[in-house]
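A look at the structure
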Amino acid sequence: MFVSAVAGATGVQAADQKTIKIGWTAWSDAEAVTNIAKQLLEQRLGYKVELVMTDIGLQYQGVAKKQLDVMLMAWLPNTHKAYWDKLNGELVDLGILYDNAKLGWAVPDYVPASELSSISDLNKPEVAKKLKSQVQGIDPGAGLMRASEQALKDYSLTGYDLRTGSDAAMIVALDRAMARKDWIVVTTWNPHWMFSKYKVRYLEDPKKSLGGAEAIHAIGRKGFDQDFPKAAAFIKNFKIPLSDLEGIMAKAKESSYEKEATAYIASHPEMVAAWLKDAQ
């Protein structure tokens, strides 16, 4: 649990401080988007930005309780439905940052599609044996993990262990398995840099347990647009193509998200101008 310095502050006090608290999770797409937003808010709009890393569920609570000002990682309408349905009366949807995102389970391409092409194939005894009846997941609070737990039920995968970890732990497990040509199933999503580095494919999900195309929204606390009108105007216009985002993520693995955010801003002046046109 995080403790916010502005937990008891009024909106006026927060505005006077000119400090915007942004919640984020250590997911590749979140890190890319958050770094771009931070740099523009600070360098172009004169705010101070404090990034608060915390579990996705705590981000929703933090924004609802005004301990955080905004979060840039709300997967809607399905992945974060439980959080949204519970707290949306205390939240403000600031719009879509990018869409056509997807959740799923993936396997290395060397795993024969004739043996494993669908989540339902995990019920085959020979497939379960090769996978050691395990699915490598990410952090337990993620909507992807909730959906994955539902997939276990929908496909009657009673003997499987959904392993929790983190985005980084999932990648380590995938990398280790691929080096040995072992079979592995990982929970993942688009956009993610792993698809540019590893030859992997999604398993089919005929029951749609993991949902369809999603949109990633920015969510603000009540009063955010009044206290930080320029920031709110920018975030409402902040739209980034999925392909651009995946490019930033791939490059950042060899440098840093901060450097790649700086480079993207510098190389896309017209897009940045469109984002900021109502915030000047």
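Reading guide: rules and limits
Residues numbered from 1 in each chain as written. Predicted model: local features only at pLDDT ≥ 70, side-chain atom pairs only at ≥ 80, totals over all residues. Heavy atoms only, no water. UniProt positions renumbered as here; feature names shortened; annotations may be inferred. Axes fitted to C-alpha atoms, helices over the stretch in contact; angles between N-to-C directions. Helix = DSSP H or I, 4+ residues; strand = E, 2+ residues; numbered from the N terminus. Parallel < 35°, antiparallel > 145°, perpendicular 65-115°, else oblique. Contact = heavy atoms within 4.5 Å. Nonpolar A, V, L, I, M, F, W, Y, C, P; charged D, E, K, R; others polar. Salt bridge = Lys/Arg side-chain N within 4 Å of Asp/Glu carboxyl O. Buried < 20%, exposed > 50% of the residue type's maximum accessible area, 1.4 Å probe, protein only.

Looking at an unreviewed UniProt entry, one finds the protein named Glycine/betaine ABC transporter substrate-binding protein and attributed to Aromatoleum petrolei. Within the UniProt record for the protein, the comment given under Subcellular location (unreviewed entry) is "Cell membrane".

1. Some remarks on the packing of helix H2 (residues 28-43) against helix H11 (residues 242-252)
Where H2 contacts H11, the two axes come as close as 9 Å, and the packing angle between them is 100 degrees. With respect to H11, the axis of H2 lies roughly perpendicular. Contacts between H2 and H11 pair Ser28, Asp29, Ala32, Val33 and Ile36 from the former with Leu245, Ile248 and Met249 from the latter. Classifying every residue of the contact of H2 with H11 gives 6 nonpolar, 1 polar and 1 charged.

2. A short note on the environment of Glu204
Mapping Glu204 onto the fold places it in the loop between strand E8 (200-202) and strand E9 (214-221). On a C-alpha basis, the gap between Glu204 and Ser118 in space is 4.3 Å, while along the polypeptide they are 86 residues apart. Among residues more than four places away in sequence, those in contact with Glu204 are Ser117, Ser118 and Ile119.

3. Describing the pattern of salt bridges
One pass over the full model with this rule turns up 8 salt bridges. Between Glu50 and Lys21 there is a salt bridge, with its nearest N and O atoms 2.8 Å apart. Residue Glu50 is located in strand E2 (residues 48-53), and its partner Lys21 is located in strand E1 (residues 19-24); the two are separated by 29 residues in the primary sequence. Residue Glu50 is classed as partly exposed on the basis of its relative accessible area, which comes to 34%. Residue classification places Lys21 among the buried positions, given a relative accessible area of 3%. A salt bridge links Asp121 to Lys124; the shortest N-O distance between them is 3.6 Å.

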